[in-house]
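Structural features, examined
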Amino acid sequence: MRVEKFTRRSRRLVALLLAVLLFSPIPIVRGQTLLHTISSPGGDSRFGQAMASVGDVNADGNPDFVVGAPFAGTQGRVSVVLVTSTGTEIRTVNHPDVQAPFSSAVFGWSVAGLGDVNGDGVPDFAVGAPGQSEGTIFPGRVHVFSGSDGSRLYSVGNPNAALSDGALFGWAVASVGDLDGDGVPELAVGAPAQGANSQGQVFVFSGVSGSLSQVLDNPGETFGFFGGAGITGVGDVNGDGIGDIAVGAPDQDGQGRVFVFSGASGAPLGAVDNPTPQASAKFGEALVLVGDVNGDGLADLAVGAPRQNGAPLPNGGSVAIVGRVFVFPGVPSSPVAVPFSGQPRVLDLPVSATDPTPSGASFGQTLAAVGDYDSDGVVDVAVGAPNYSIPD
């Protein structure tokens, strides 16, 4: 994971075993510092498949994390570990339905912090199990847990039972902001293979009760892995006083698109397209609202395209499929606003002529807003490049 700064050069470090690059106005300084190691539950658990900040669970003043391990456990029940900023495990949460061998549930494939759902003052979290079975079918399920004791508060299943088998409901989960005015953020769940054409759907549930509030349909109407990647709240785009939602479809039209929907009605408000079209770029694989990058007072949207060709190398060559991130400027709220329609800033994986080729680094596979990381008054974004080897 890399922390990208919207200014000049860089220094490098490793945090939580993830490579992080911090762009700042100082000259580049190479080096690595291991902050913490968080141990896997054991075996081929795929620990770290999903990770999300959930807020301060243990009241020590530091944000905590939930980490998924979807292949842990003797029957596929997966541990989710909350860890403090010091790397200390708070508890492990296993699949709550222990009476059945959910060997293919992949519980922990996706995770999300939800804020305080049950009103006890402690932030709670959601865990996706997109392979969870019900009888002879595999509709998937999402479970919401108490941050204070790890107990299950409620779970939600695929509302469209007739098309639920193999729909991968729970492949992606996200908190999308308070859309109904009750003070609690809503939960969005992606089902990227839902529908007669596997075009995908996203379901929005009340954060308090788990009741269905919105269904977001893929405007592309064909397979695009819609709802299987980036989902994020984007604030009030259309000026109706209610926050709206962006959904990535990284396989749409062969290169990927991002669709923006009304949080009030679920109606599509527009699409964000790759400014440098490229087949199989996976544009929309990751999304995050990063705050005001360009100083215009509006929050901007970062979009990952982890299979996009990179910038030219210093020696005149180029790097294929290294990945790029595009940061689109926000637009003033308006009923006729075209969401994030301005010219984006481009973030590239910094390389030199002497670095090993980073082809296939998947830069932009994951994104996270990190606030003003270096206290210079400009917001920053963390960018994951899971297949990049940091040069010495």
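Residues numbered from 1 in each chain as written. Predicted model: local features only at pLDDT ≥ 70, side-chain atom pairs only at ≥ 80, totals over all residues. Heavy atoms only, no water.

**Quick word on the overall build of the chain**
Of the regular secondary structure elements, the chain holds 0 helices and 25 strands. Considering the chain as a whole, with its 392 residues, one finds that 50% of them fall into the buried category. Within the chain, contacts between residues at least 6 apart in sequence are counted, and of these 49% link residues at least 24 apart. (Helix = DSSP H or I, 4+ residues; strand = E, 2+ residues; numbered from the N terminus. Buried < 20%, exposed > 50% of the residue type's maximum accessible area, 1.4 Å probe, protein only. Contact = heavy atoms within 4.5 Å.)

**Focus: the confidence of the model for the chain**
On average, the chain scores 81 in pLDDT, and the residues at 70 or more come to 79%. Low pLDDT (under 50) marks residues 1–34, which in the prediction has 128 contacts with non-local residues, meaning those over four places away or in another chain. In this model residues 74–78 is a low-confidence stretch, pLDDT under 50, and it forms 26 contacts with partners more than four residues away in sequence or in other chains. (pLDDT = per-residue confidence, 0-100.)

**Thoughts on the sheet that holds strand β13 (residues 187–191)**
One open sheet holds the 4 strands; their spatial order is β12-β13-β14-β15, and the pairing between them is antiparallel. Looking along the sheet, the strands with just one partner apiece sit at the ends: β12 (172–175) and β15 (212–217). Strand after strand, the sheet turns through a mean of 20° between neighbouring axes, direction not considered. Bridging between strand β14 (residues 201–205) and β15 involves 5 bridges; their strand directions are antiparallel. (Pairing = 2+ DSSP bridges. Axes fitted to C-alpha atoms, helices over the stretch in contact; angles between N-to-C directions.)

**A closer look at the side chain of N218**
Considering the arrangement of structural elements, one finds N218 in the loop between β15 and β16 (231–235). One polar contact links the side chain of N218 to the main-chain carbonyl oxygen of Q199, over a distance of 2.8 Å. Among all residues touching N218, those that are not within four sequence positions of it are Q199, G200, G224, F226, Q252 and F259. (Polar contact = N/O pair within 3.5 Å; in protein donor to acceptor, adjacent residues only side chain to side chain.)

**A short note on the pairing of strand β10 (residues 141–145)**
Of all 5 residues making up β10, 4 are buried, and the element is well covered by its neighbours. Here strand β9 (residues 124–129) runs beside β10; their pairing, made up of 5 bridges, is antiparallel. Counterpart to V127 in the pairing with β10 is H143. Where β10 meets strand β11 (residues 152–157), 5 bridges bridge the pair, whose relative direction is antiparallel. Within β11, the residue paired with H143 across the bridge is S155. Connecting β10 to the antiparallel partner β11 that follows it, the hairpin turn spans 6 residues, and G150 within it adopts a positive phi of roughly 80°.

**What to know about the nonpolar core**
Residues V325 and L367 are the most contacted members of the largest nonpolar core, which totals 18 residues. Listing elements by their share of this core, those giving two or more residues are β20 (286–291), β22 (324–328) and β25 (380–384). The element that contributes the greatest number of residues to this core is β20, accounting for 3 residues. Once you skip the residues sitting within four places of it in the chain, L367 turns out to touch A286, L287, V288, A302, V303, G304, V325, V381, A382 and V383. Among the nonpolar cores identified, the runner-up in size contains 17 residues, and L187, V189, A191 and F205 belong to it. (Core = buried A, V, L, I, M, F, W, Y, C linked by side-chain atoms within 4.5 Å.)

**A short note on unusual backbone geometry**
The phi angle at S198 is positive, at roughly 55°, despite the residue not being glycine. By the element assignment, S198 lies in the loop between β13 and β14. The phi dihedral of F340 is positive, around 50°, even though this residue is not glycine. Structurally, F340 is set in the loop between β22 and β23 (345–348).

**Thoughts on the packing of aromatic side chains**
By the definition in use, this model includes 12 aromatic pairs. Relative to F145, the ring of F107 has its centre 5.9 Å away and its plane inclined at 80°; by these criteria the two rings are edge-to-face. Here F145 lies in strand β10 and F107 lies in the loop between β7 (89–93) and β8 (110–115), a separation of 38 residues in the sequence. Owing to a relative accessible area of 0%, F107 belongs among the buried residues under this scheme. Note on F145: relative accessible area 1%, which makes it buried. Geometrically, the ring pair formed by F169 and F205 is edge-to-face, given 6.2 Å between the ring centres and 90° between the ring planes. (Phe/Tyr/Trp six-rings, centres within 6.5 Å; stacked < 30°, edge-to-face > 60°.)

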